[in-house]
Amino acid sequence: MSKSKQIVGIIGGGQLAWMMAQEAQKLQLQTIIQTPNSDDPAVGLADEVIFADVADVAATQELAQRCDVITFENEFVDLVELEKINNSNVLFRPRLSALKPLLDKYEQRCYLDNLTLPVPHFSKLEKTENDSNLITFPCVMKARRHGYDGQGTVILHDRTQFEETWKRWGYPSVLMEEFIPFERELAVMAARNRQGEIAIYPIVETQQENQVCRRVVAPAAVSEDVVKDCQAIARSLLSNLDVIGLFGIELFLTPDGRVLVNEIAPRTHNSGHFSLDACETSQFAQILRAVCDLPLGSTTMTSPAAVMVNLLGFETAESDYQQRRDRLGGFPKAHVYWYGKRQSRPGRKLGHVTVLLDQVEEAGQVAAAIEAIWRGE
Ligand code: ADP
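To keep things clear, this report deals only with the structure shown in the data block. (Residues numbered from 1 in each chain as written. Predicted model: local features only at pLDDT ≥ 70, side-chain atom pairs only at ≥ 80, totals over all residues. Heavy atoms only, no water.)

**Points about the site of the ligand**
Link 1 in the chain: Near the ligand there are 19 residues, and of these Lys105, Lys142, Gly150, Ile180 and Glu185 occur at the shortest range.
Link 2 in the chain: In the model, an oxygen atom of the ligand is placed 2.6 Å from a nitrogen or oxygen of the Glu185 side chain.
Link 3 in the chain: The separation between an oxygen atom of the ligand and a polar side-chain atom of Asn262 is 3.0 Å.
Link 4 in the chain: Every element with two or more residues in the shell around the ligand is listed here: β6 (139-143), β8 (174-178), β13 (245-253) and β14 (259-265).
Link 5 in the chain: Considered class by class, the residues forming the shell around the ligand number six nonpolar, five polar and eight charged. (Near = heavy atom within 4 Å. Polar contact = N/O pair within 3.5 Å; in protein donor to acceptor, adjacent residues only side chain to side chain. Helix = DSSP H or I, 4+ residues; strand = E, 2+ residues; numbered from the N terminus. Nonpolar A, V, L, I, M, F, W, Y, C, P; charged D, E, K, R; others polar.)

This is the structure:
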């Protein structure tokens, strides 16, 4: 790669690409995104756009010709097809073979289990195998691919619900796993560069409702042992994958203090948005640093604590919610990000707000106040 004016290709054009493109400008990097939608958040900010589906490999080949390195905003790619253009002229970071064990939730569980990383008990269920009578409830059924924001994850309480859900899905092969009565959900972002150096962000607590992340509290108020367990998981995973890039790792903290891995995102993640305002280097700058061979930045927090609140759609409408955003912007120490999506739908991530805090104990009250403004109360 040339040292000056590096060009980064990003597959995907949503809010993660948008925030990456903002950081790219500060780092004097150029960006080209591949996305099918002209009204995607990153389209207005990228230096160039290739309008094509993220799984369109011919488009990615064109992208490769125009940039120095290609990274990913989402994992809805067609890996089998991508591997056909995976030659010395195309630099994917993370490399495709590191993504391979992660894109399918069942294969990801197998990979983590083989590394002896702690995961919930799991199995795969196929229609033909007819071993569904062995399932005990409650349990969790997950689509093996293309799930996000809880789409494709169902907590099953009884056999009737299981049979109805699987039938509705068309009886695909699914991941079944034990229901974890977690005490909390945690997450950690970690980056790894070409030299194998790893930078780990503070462990955060994520709060979900209906399987969708609503709030992230940084740092998580957990013991030093739990912090060490999370960091060890991050180190082990990134080193074993021998990966260059930045990963988000979602975790469960069980009532008896064990940390289990829920899911790996091989890219920037919602649980790392707080880093834009509360850390010396944001996750978006960090992934660019890692994939462009720039030194990794410090992950130290610049504020004692922070809370990030997702602005989730609550209606189907076309609105920019300007008044509510103005009120949010007036909240002390609040940083408002609006992704510029034209269409609002219930549960859709339209933006987020990070509020810097003097102490983590303020997080609940502050998040409730932000949510009340957003809901128009
Ligand atoms: P997605 O890929 O859509 O984010 P996840 O698999 O991360 O889906 O699940 C979304 C949420 O569902 C989790 O954050 C958690 O709240 C809940 N969940 C998922 N798996 C389990 C489990 N095994 N036990 C209990 N809750 C779970």
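Having seen the structure, we can now continue with the description.
**Focus on the sheet that holds strand β7 (residues 153-156)**
Link 1 in the chain: Spatial ordering of the open sheet is given by β5-β8-β6-β7, a layout of four strands whose pairing is antiparallel. In this open sheet, the two strands that pair with only one neighbour each are β5 (122-125) and β7. Going from strand to strand, the sheet's axes swing by 25° on average, the running direction of each strand aside.
Link 2 in the chain: Direction of pairing for β6 relative to β8: antiparallel, over a ladder of five bridges. Residue Lys142 lies in a different strand from β8, and its bridge partner there is Leu175. (Pairing = 2+ DSSP bridges. Axes fitted to C-alpha atoms, helices over the stretch in contact; angles between N-to-C directions.)

**Quick word on the packing of aromatic side chains**
Link 1 in the chain: Tallying each qualifying case throughout the model produces twelve aromatic pairs.
Link 2 in the chain: With a centroid separation of 6.5 Å and 50° between ring planes, the pair formed by Phe137 and Phe162 is classed as tilted. Taken together, the residues span a long stretch of sequence, with Phe137 in the loop between β5 and β6 and Phe162 in helix α6 (residues 159-169) at a distance of 25 residues.
Link 3 in the chain: Its relative accessible area of 1% is what places Phe162 among the buried residues.
Link 4 in the chain: Seen from their ring centres, Tyr321 and Trp374 are 5.2 Å apart, and the 65° between their planes marks the pair as edge-to-face. Taken together, the positions of Tyr321 in the loop between β16 (317-318) and α10 (322-329) and Trp374 in helix α11 (residues 363-374) put the pair 53 residues apart, joining distant regions of the chain. (Phe/Tyr/Trp six-rings, centres within 6.5 Å; stacked < 30°, edge-to-face > 60°. Buried < 20%, exposed > 50% of the residue type's maximum accessible area, 1.4 Å probe, protein only.)

**Regarding the pairing of β6**
Link 1 in the chain: Counting buried positions over the five residues of β6 gives five, a clear majority of the element.
Link 2 in the chain: Neither face of β6 is exposed, since Cys139, Met141 and Ala143 on one face and Val140 and Lys142 on the opposite face are all buried.
Link 3 in the chain: Taken together, the four bridges between β6 and β7 define a ladder with antiparallel strand orientation. What sits directly across from Cys139, in β7, is Leu156.

**Looking at the packing of α10 against α11**
Link 1 in the chain: Axis separation between α10 and α11 bottoms out at 9 Å; the angle between their running directions is 155°. In terms of axis orientation, α10 runs roughly antiparallel to α11. The hand of the α10/α11 crossing is right-handed. Where α10 approaches α11, its residues Arg324, Arg327 and Leu328 are matched on the opposing element by Ile370, Ile373 and Trp374.
Link 2 in the chain: Classifying every residue of the contact of α10 with α11 gives four nonpolar, no polar and two charged. (Parallel < 35°, antiparallel > 145°, perpendicular 65-115°, else oblique. Left-handed = near helix turned anticlockwise from the far one by under 90°. Contact = heavy atoms within 4.5 Å.)

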